[in-house]
Structures are given as structure tokens and as C-alpha cells.
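Summary of structural features
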Amino acid sequence: MADKRIQKELLERFCRYVQIETTSEDNLADRCPTTEGQLTLINMIASELKALGIKDVSVDNNGYLRAFIPGNISRKKVFGFISHADTSPEVSGKNVKPVIHKNYDGKAIKLSDNIVISPKEYPLLAQYKGKTIITADGTTLLGADDKAGIAEIVTAASYFMAHPEVKRNSMEIFITPDEEIGRGTDRFPMDKIKSSYLYTVDGDTEGCIEAECFNAYGARLKIKGVSIHPGSAYGKMVNATLLGSEFLSMLPKNEMPETSKDREGFFCPVSISGGMEECQVSLILRDFDASGMERRIRMVEEAAEALKKCWPSAVVELEIAHSYSNMREYVDKDKKCLSYLEDAVEKTGIKPVYKLIRGGTDGSRLSEMGHPCPNMFTGGQNFHGKLEWAALPAMERAVQVIINLVCTGIKQ
Ligand SMILES: [Zn+2]
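Moving on, we get to the overall build of the chain. Along its length, the chain carries nine helices and 18 strands. Computed over C-alpha atoms, the radius of gyration of the chain comes to 24 Å, within 12% of the 22 Å expected from 2.2 N^0.38 for 412 residues, which places it in the range of a compact globule. Seen through its C-alpha atoms, the chain measures out along the principal axes to roughly 85 × 50 × 40 Å. Look at the contacts in the chain between residues 6 or more apart in sequence, and 79% of them connect residues 24 or more apart. For the chain, the exposed area adds up to about 18,300 Å²; of that, 51% sits on carbon and sulfur atoms. Distance between charge centroids for the chain: 5 Å, based on 52 positive and 57 negative side chains.

Written out as C-alpha cells, the structure reads:
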């Protein structure tokens, strides 16, 4: 990017955001945001956007931030960008100390004895030799997921506020809480969305566009058996725990997360708990194709039926619930949504690369609810762990893509 000041701003912003602990917490899900730190960050960003001169900035009672920068041309479109304030509960996000590796030497980066980010394992690193890399210090995750996205969106907004002479469409911003625990869109202020084109800024490698994700269901099997003293159980006991494991053993081992990749879906047992009297099994089902998902649901139902037949005195109840859908069919309804993003990436001088999301995003749910929302890259890598890192040039490119999108269809 030509503007050095903005480059400096981007790094400074990112390092500031990652130092705020915003880990979301699944077992506090009746609160929104689930943790106080998220609100601290979101309010800080709101103040920052106001200080940039943006008038329309608000944080609602659930902690969702929305900001709007009106365009300065006639017949303007609205481009919206979403990122999430929380970090994954899998790894600590407390006292994150960002380490800036200026003029990276291309060698393995040793953060501690057993935390080493090596270009052998992560070849993408080599591409940034001589450039700036940001990591944590080996004790926490970094939080590029998704504070890189936030820093990029805010920096693009800052660019527009500093350059009113640049002709632009309107830009809308949403920062959401609790994405990492699957609740980012639960209380999304849908009625406030003005964007015709929405994008989550929550991907990794530069150039990547993600417009296809899993169809997702959850299944829960409740088994009531017959408990009786093991010493006198002959012919009487129906051991719920045994039935739970029998049920799981009926699912194909070669269709589990650890045995599937690329376009393949899976069954994933998440937990089995209980005792001899009662047992609960929960699993998640994932598949890119709707027909593939139907097959998976049928197989789970058949396994439950087989269990019932085999153990007539047990009570077996199966509940299957939809979580989210593959966004592709929704995104494809208006081809411009992706073609604008492709153009915006190409204008930065690289080719867009399509990737499958082997999971879901806030955009999956939004797409389903009528707001097609593909995902673009942030430049972060190795999310949800201590090996997380981000490349500053990739982050700058993300800012440029956002700027290009907001300037779609305009000759400067
Ligand atoms: Zn994320």
C-alpha cells in the first residue's frame, strides 16, 4: 500500500487489540457477550471509530458493534464487513504479548523450547522473508483470528475518513461477540443491515476466498437402560453406557474427522456421558452436499433403530438438530457478491484462490438468513493455537481488498 502511515497504523492497532483478553466461554452462554473483555475491546473500537470522525457508530445491548460510513457518490451501493472480537477458548488469550519479527530472516521462529514455528512445517512463512511477521510469545494464542480482521476493517475505515477525496460507495462495519463458540449470529442485529454485499474478514492465507462451507447438524442420543446390581444382573441389566458405545461403533470409522479431508464430510462423536441407568451420546454431522447430509442423518437414525430392536427394554431417543448450511447456494444467488471480491483481490496484484471451509462462519448463518456472506482472508495463520502468526504484508493486502471493494465500480 502506498500510504506508509496506514501501514504503521495497522500494525499498531493489531498489537493493541490482541493484548485485550477476549476469550469466549461456552458455559456462560446465557450471557452475551459471554465475557467482559470482549465488551472492553468492542467499546474501545467504537470510540476509535468515532474518533476517526464516523458519526454513525453504535454498540447494542448484546455487544454487537455497527458503524456506517456513507458513500460520497450518487447511486452508491453498500459494502459490509464483519469480524469477531472473541478468541478461541481452546488456548489461553490472557496476557498476550505480540512479538514483532521485523525483517524476518526466513529461519525457524523459536518462541519457547517446544513452540517453534518453522518454514519446514509451514512453508508459507518463507514467502515473508525480509518482511514483518507477528507471533505471540509461546505462552498464548496470538488472536489474529479475528483481531487481524478487525484491525484491517478499522484501518480501511480510517483510510476513507482521512481521504474524503477518494470516491467510494458506503461502508458498513459489524463486530460480533462469541463467534468461536458458535453464537456470533444468535443476536445479530439483522434489521440494521444496510449492505447489499456482506463479507466476513476471518480467513487466513492472502488471496483466499471462502464461499463454501459444511452443512452442519448435531445429533443427541438419550438412552435409558435398566440398572441392577452387577452381581444379580444376569438376564436383567440393560447397560446404557454399553448401548451408547454400541451405537457409536455402528458409525463408519473411515468417515471421522481424523480420516477425512478436502470435500469429504464426517461423523464426529463429541461426548458420551452417563452411567448404567442413563447415557447420552452427542455427535456432529458435517457434509458439503445436501444429499450427503441426508445419507448421514439416515445412517444415524438407522443405528438408533438397530439399537432399539436389539434392546427392546431400553428407551432410546434420538434428536437431530440443524446448525448451519453450506453458504454456496445462497452466495450464488447474486453472482456479483463473489465477482466483486475476486476483482478486489486481483486489483492488489494477486490471483484469488478458492478454499473450502471445513467448518462454518458467521457468514454461513447470515447467508442462510438472506444475506449472502462469503469469507475473505486476514493474513493470519495457524489459528486457535500458540503457533499462530500473521504476516504484515498479507494484512496490508487485506486492507487494500476492503478499500477496493468499497470503491467497486468507481474510476478515481
Ligand atoms: Zn475466526
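Our focus in this paragraph is the packing of helix H7 (residues 336-346) against helix H9 (residues 392-406). Relative to each other, H7 and H9 sit at 125 degrees, their axes nearing to 8 Å. Taken together, the axis directions place H7 and H9 in an arrangement best described as oblique. In this structure, H7 meets H9 at a crossing whose hand is right-handed. Residues Tyr340, Leu341, Ala344 and Val345 of H7 form the contact with H9, whose participating residues are Val401, Asn404 and Leu405. The residue inventory of the contact of H7 with H9, partitioned by class, reads six nonpolar, one polar and no charged.

Within the element layout of this structure, Thr87 appears in the loop between strand S3 (78-84) and strand S4 (99-101). Every residue in contact with Thr87, bar those within four places of it in the chain, is listed here: Thr22, Thr23, Ser24, Leu141, Gly143, Asp145, Lys147 and Glu180.

Okay, the coordination of the zinc ion next. Put simply, the ideal angle at a metal is 109.5 degrees for four donors in tetrahedral geometry and 90 or 180 degrees for six donors in octahedral geometry. Donor atoms from the polypeptide that bind the zinc ion are His84 (NE2), Asp145 (OD), Asp202 (OD) and Asp202 (OD), placed at 1.9 to 2.6 Å. Around the zinc ion, the four donor atoms sit at angles spanning 53 to 144 degrees, and that spread fits a shape best called irregular. On the basis of relative accessible area, His84 is assigned to the buried category, the value being 1%. With relative accessibility at 14%, the residue Asp202 sits in the buried group.

Looking now at the packing of helix H3 (residues 144-162) against H9. It is the contact of H3 with H9, at a shortest axis distance of 9 Å, that shows an interaxial angle of 50 degrees. In terms of orientation, H3 lies oblique with respect to H9. Regarding H3 and H9, the two cross each other, and that crossing is right-handed. Contacts between H3 and H9 involve Ala148, Glu152, Ile153, Thr155, Ala156, Tyr159 and Phe160 from the former and Met395, Ala398, Val399, Ile402, Ile403 and Val406 from the latter. Split by residue class, the contact of H3 with H9 holds 11 nonpolar, one polar and one charged.

Let's shift gears to the layout of surface pockets. Taken as a whole, the largest pocket holds about 1,600 Å³ of empty space. Along its surface, the largest pocket is lined by 42 residues, and Glu180, Arg286, Tyr324, Gly359 and Gly360 are the ones closest to its centre. Contributing elements (two or more residues each) for the lining of the largest pocket: strand S9 (197-203), strand S11 (215-224), strand S13 (278-287), strand S14 (315-324), strand S15 (353-357) and helix H8 (362-368). Ranked by the residues each element gives to the lining of the largest pocket, the list is headed by S14, at five residues. Here the lining of the largest pocket is composed, by residue class, of 11 nonpolar, 14 polar and 17 charged. Composition of the lining of the largest pocket by domain shows at least three residues from each of domain 1 (4-213 + 326-406) and domain 2 (215-324).

Cis geometry marks the peptide bond from Cys32 to Pro33, where omega comes out at -5 degrees. By secondary structure assignment, the location of Pro33 is in the loop between helix H1 (4-18) and helix H2 (36-51). The phi dihedral of Asp178 falls on the positive side, at around 55 degrees, and the residue is not glycine. As for its position among the elements, Asp178 is in the loop between strand S8 (170-176) and S9. On the basis of relative accessible area, Asp178 is assigned to the buried category, the value being 2%.

Looking now at the domain arrangement of the chain. Entries for the chain in the domain assignment read domain 1 (4-213 + 326-406) and domain 2 (215-324). Between domain 1 and domain 2, the C-alpha centre-to-centre distance is 37 Å. In this assembly, 11 residues from domain 1 lie in contact with 11 residues from domain 2. Overall, the association of domain 1 and domain 2 removes approximately 930 Å² of surface from exposure, summing both partners, and the carbon and sulfur fraction of that is 49%. It is Asn326, Leu356 and Arg358 that lose the most area in domain 1 upon contact with domain 2, and together they represent 56% of the buried surface on that side. Applying the counting rule to domain 1 against domain 2 returns one salt bridge. Across the salt bridge formed by Glu212 and Arg263, the nearest N and O atoms sit 3.0 Å from each other. Here domain 1 and domain 2 share eight residue pairs in polar contact (both at pLDDT 80 or more) between them.

About the cut-offs
Sequence order as written defines the numbering, with residues in each chain counted from 1. With pLDDT at 70 or above as the cut-off, local features in this predicted model cover only qualifying residues; side-chain atom pairs require 80 or more to be listed or tallied, and sums for whole chains, interfaces and linings still use all residues. For the side-chain quantities, the full set of heavy atoms in the structure was used; hydrogens and water were omitted. Elements are defined by DSSP. Helices are runs of H or I of four residues or more, strands are runs of E of two residues or more, and each kind is numbered from the N terminus. Only C-alpha atoms enter the radius of gyration; for comparison, a globular chain is expected to reach 2.2 Å times N to the power 0.38, where N is the number of residues. Between two residues, a contact is recorded if the distance between any of their heavy atoms is within 4.5 Å. Note on areas: Shrake-Rupley with a 1.4 Å probe; residue coverage comes only from the protein chains shown. Here the positive residues are Lys and Arg and the negative ones are Asp and Glu; neither His nor the chain ends is included. By convention, charge coordinates are those of NZ in Lys, CZ in Arg, CG in Asp, or CD in Glu. To obtain an axis, a line is fitted to C-alpha atoms, over the contacting stretch when the element is a helix, and the angle between two such axes runs from 0 to 180 degrees between their N-to-C directions. What sets the label is the angle itself: under 35 degrees gives roughly parallel, over 145 gives roughly antiparallel, 65 to 115 gives roughly perpendicular, and the rest give oblique. Note on convention: near helix rotated counterclockwise from far helix by under a right angle means a left-handed crossing. Clockwise means right-handed. Residue type decides the class: Asp, Glu, Lys and Arg count as charged, Ala, Val, Leu, Ile, Met, Phe, Trp, Tyr, Cys and Pro as nonpolar, and the leftover types, Gly among them, as polar. For Na, K and Ca the donor cut-off is 3.2 Å, while for other metals it is 2.8 Å, and in both cases only N, O and S atoms qualify; water is not among them, so sites may look incomplete. Here the metal geometry follows the donor angles, with tetrahedral for four donors whose angles all fall between 85 and 135 degrees, square planar for four and octahedral for six when opposite donors are more than 155 degrees apart and every other angle is between 65 and 115, and irregular for all the rest. Partly exposed residues are those whose accessible area sits between 20% and 50% of the maximum for their type, while under 20% is buried and over 50% is exposed, using a 1.4 Å probe and protein chains only. Here a cavity denotes grid points, spaced 1 Å and computed from the protein atoms alone, that fit a 1.4 Å probe unable to get out, and a pocket denotes an open set having protein on both sides within 12 Å along at least 5 of 7 lines; residues with an atom within 4 Å of a point are the lining. Grid points are joined across faces, edges and corners, and a volume is the space filled by probe spheres set on the points. These domain limits were set by an automatic method or by a database of domain assignments. A simple way to read buried area is as the amount of 1.4 Å-probe accessible surface that goes missing from two parts once joined, with both sides added. The salt bridge definition used is simple: a Lys or Arg side-chain nitrogen within 4 Å of an Asp or Glu carboxyl oxygen. The term polar contact refers here to a pair of N or O atoms within 3.5 Å; inside protein, the definition further demands a hydrogen-donor-capable atom paired with an acceptor-capable atom, and it admits residues adjacent in sequence only when both atoms are side-chain atoms.

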